[in-house]
Amino acid sequence: MTDNPRIPLAGVIGHPIAHSRSPALHGYWLKRYGLKGHYIPIDIAPADLAELVRTLPRLGFVGLNVTIPHKEAILQIADIVTDRAALIGAANTLIFRKDGKIHADNTDGSGFIANLRQNAPQWNPASGPAVVLGAGGAARAVVAALIEVGVPEIHLANRTRPRADALRSDFGAKIHVHEWVQGANLMDDAVTVVNTTSLGMTGKPDMTVSLHRLNPHALVNDLVYTPLKTQFLIEAEERGAKVVDGLGMLLHQAAPGFERWFGLRPEVDEATRQAVLSA
Ligand code: NAP
């Protein structure tokens, strides 16, 4: 008997899932590298999560991406949770190991950093403070990653203050929490500014934090990538700042999972971007 004669299957689980761009991305990479494998969107209701996730390896699945609303709940189902996923409190990448154990990791933070490094090679996060707007799941991954690359302090503002306070108690003294309405006043000496809220996304309200005091030497990033160029990034660019959109984070966070499941580290380049944008 051969080790594993089946074609590897992977996918993304969420509820709903039709909007996900991950199938287009992984499908593009599979085709580009001529690899055997399939990557599919799977809609799983929260009540079915544990049972269905445990069944998928038996069907030939080697792993999954996990998106809203399962990113937190999946930690209770996984057998092995990486330190960074535990700290962030959410996982986005599962590996179904041959010994039957489910390994959960969070690659959002490394995807966030890889996107900035690729598109702003001069960026030196250790050279000054960062401003993070928002304190949701994505903010936790961004804050963990910024601390890891040596950001000296992070000014954090969130509409709901207790959520920001919780982040400070989890991530420590480098985090300074401010009222949401003070957001504009944090920008003067920021080296890095990140919008991790859903404001500015198609169908959501516009960003309410003004950039009129933005340091023109700052690097400004928006995690929102629909539209690709948000009003927040347009305003930052008008004020002379370097801007990076959020699509690259989506592409980079996907690469480690693809490598583990299909055996090859995919390249994130302009062709990859175009493949996802045109899907
Ligand atoms: P989440 O946990 O639901 O957090 C949403 C955040 O947006 C919270 O900070 C929330 O503040 C804030 N917010 C929502 N409506 C607001 C409003 N009207 N005024 C002020 N703040 C508001 O979601 P998430 O998972 O962190 O995702 C946040 C965004 O990042 C989404 O747009 C998501 O698509 C994007 N994202 C992108 C990538 C990527 O690869 N580029 C990866 C992950 C996430 P409250 O706490 O006050 O509700």
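A. Quick look at the sheet that holds strand β8 (residues 154-158). The parallel open sheet is built from 6 strands, whose spatial order is β9-β8-β7-β10-β11-β12. Among the strands making up the open sheet, the edge pair consists of β9 (175-179) and β12 (242-244). Mean inter-strand twist for the sheet, computed between neighbouring axes without regard to direction, equals 20 degrees. Sheet topology places strand β7 (residues 130-133) next to strand β10 (residues 192-195); 4 bridges connect them, and they run parallel. Within the sheet, the bridge partner assigned to A130 lies in β10 and is T192. Of the strands in this sheet, β7, β10, β11 (219-222) and β12 are in contact with helix α8 (residues 231-238), which crosses β11 at around 170 degrees.

B. Region of interest: the site of the ligand. Looking at the ligand, there are 21 residues lining it, with A138, N158, R159, T160 and R163 nearest. The contact in question runs from an oxygen atom of the ligand to an N or O atom on the side chain of R159, over 2.8 Å. Between the ligand and S198, the relevant distance is 3.4 Å, taken from an oxygen atom to a main-chain nitrogen or oxygen of the residue. Here the ligand has 920 Å² of accessible area as a free molecule, and 78% of this is covered by the chains. Mapped onto the shell around the ligand, the elements with two or more residues apiece are α6 (137-148) and α9 (247-262). For the shell around the ligand, the class distribution of residues is 10 nonpolar, 9 polar and 2 charged.

C. View of the packing of helix α5 (residues 108-119) against α9. Look at α5 against α9: their axes get within 7 Å of each other, and the N-to-C directions meet at 125 degrees. Between α5 and α9, the crossing angle belongs to the class labelled oblique. For the pair α5 and α9, the sense of crossing is right-handed. Note on element contacts: α9 touches α5 through G248, M249, H252 and Q253, opposite D108, G111, F112, A114, N115 and Q118. When its residues are assigned to classes, the contact of α5 with α9 shows 3 nonpolar, 6 polar and 1 charged.

D. Fine view of the pattern of salt bridges. Under the defined criterion, the tally for this structure stands at 15 salt bridges. The shortest N-O distance in the salt bridge between D269 and R32 comes to 2.8 Å. Placement of D269 in the loop between α9 and α10 (270-277) and of R32 in helix α1 (residues 22-32) is noted, with a sequence separation of 237 residues between them. Here R32 falls in the partly exposed class, since its relative accessible area comes to 30%. For R84, the salt bridge identified is with D105, shortest N-O distance 2.7 Å. Taken together, the residues R84 in helix α4 (residues 83-88) and D105 in strand β6 (residues 102-105) connect sequence positions 21 residues apart. The exposure class of R84 is partly exposed, given its relative accessible area of 34%. Through salt bridges with shared partners, a single ionic network connects R32, E267 and D269.

E. Structural view of the pairing of strand β2 (residues 38-43). In this structure, strand β1 (residues 9-14) lies alongside β2, joined through 6 bridges in parallel fashion. Looking at β2, one finds that I13 is bridged to I42. You can see the chain leave β1, run along α1 and come back into β2, and the turn it takes is right-handed.

F. Expanded view of the nonpolar core. In this structure, F112, W123, V132, L146 and I154 are the most contacted members of the largest nonpolar core, which totals 31 residues. When residues of this core are traced back to their parent elements, those giving at least two are α5, β7, α6, β8, α7 (161-171) and β9. In contact with V132, not counting residues within four places along its chain, are A139, V142, V143, L146, I154, H155, L156, A157, V194 and T196. Counting 20 residues, the second largest nonpolar core, distinct from the first, contains V131, M187, M207 and L233.

G. Fine view of the sheet that holds strand β3 (residues 61-66). Read from one edge of the open sheet, 6 strands run β2-β1-β3-β5-β6-β4, paired in mixed fashion. If you trace the sheet from one side to the other, it starts and ends with β2 and β4 (80-81), each paired once. Pairing geometry for β3 and strand β5 (residues 93-96), over 3 bridges, is antiparallel. Looking across to β5, one finds that N65 is bridged to T93. In this fold α1 packs onto β1, β2 and β3, with an angle of close to 170 degrees to the strand it touches most, β2.

What counts and how
- Residues numbered from 1 in each chain as written.
- Predicted model: local features only at pLDDT ≥ 70, side-chain atom pairs only at ≥ 80, totals over all residues.
- Heavy atoms only, no water.
- Pairing = 2+ DSSP bridges.
- Helix = DSSP H or I, 4+ residues; strand = E, 2+ residues; numbered from the N terminus.
- Axes fitted to C-alpha atoms, helices over the stretch in contact; angles between N-to-C directions.
- Contact = heavy atoms within 4.5 Å.
- Near = heavy atom within 4 Å.
- Polar contact = N/O pair within 3.5 Å; in protein donor to acceptor, adjacent residues only side chain to side chain.
- Areas by Shrake-Rupley, 256 points an atom, 1.4 Å probe, with all protein chains shown as cover.
- Nonpolar A, V, L, I, M, F, W, Y, C, P; charged D, E, K, R; others polar.
- Parallel < 35°, antiparallel > 145°, perpendicular 65-115°, else oblique.
- Left-handed = near helix turned anticlockwise from the far one by under 90°.
- Salt bridge = Lys/Arg side-chain N within 4 Å of Asp/Glu carboxyl O.
- Buried < 20%, exposed > 50% of the residue type's maximum accessible area, 1.4 Å probe, protein only.
- Right-handed = clockwise from strand over helix to strand, strands pointing away.
- Core = buried A, V, L, I, M, F, W, Y, C linked by side-chain atoms within 4.5 Å.

Bear in mind that shape data such as this cannot, by itself, settle questions of function.
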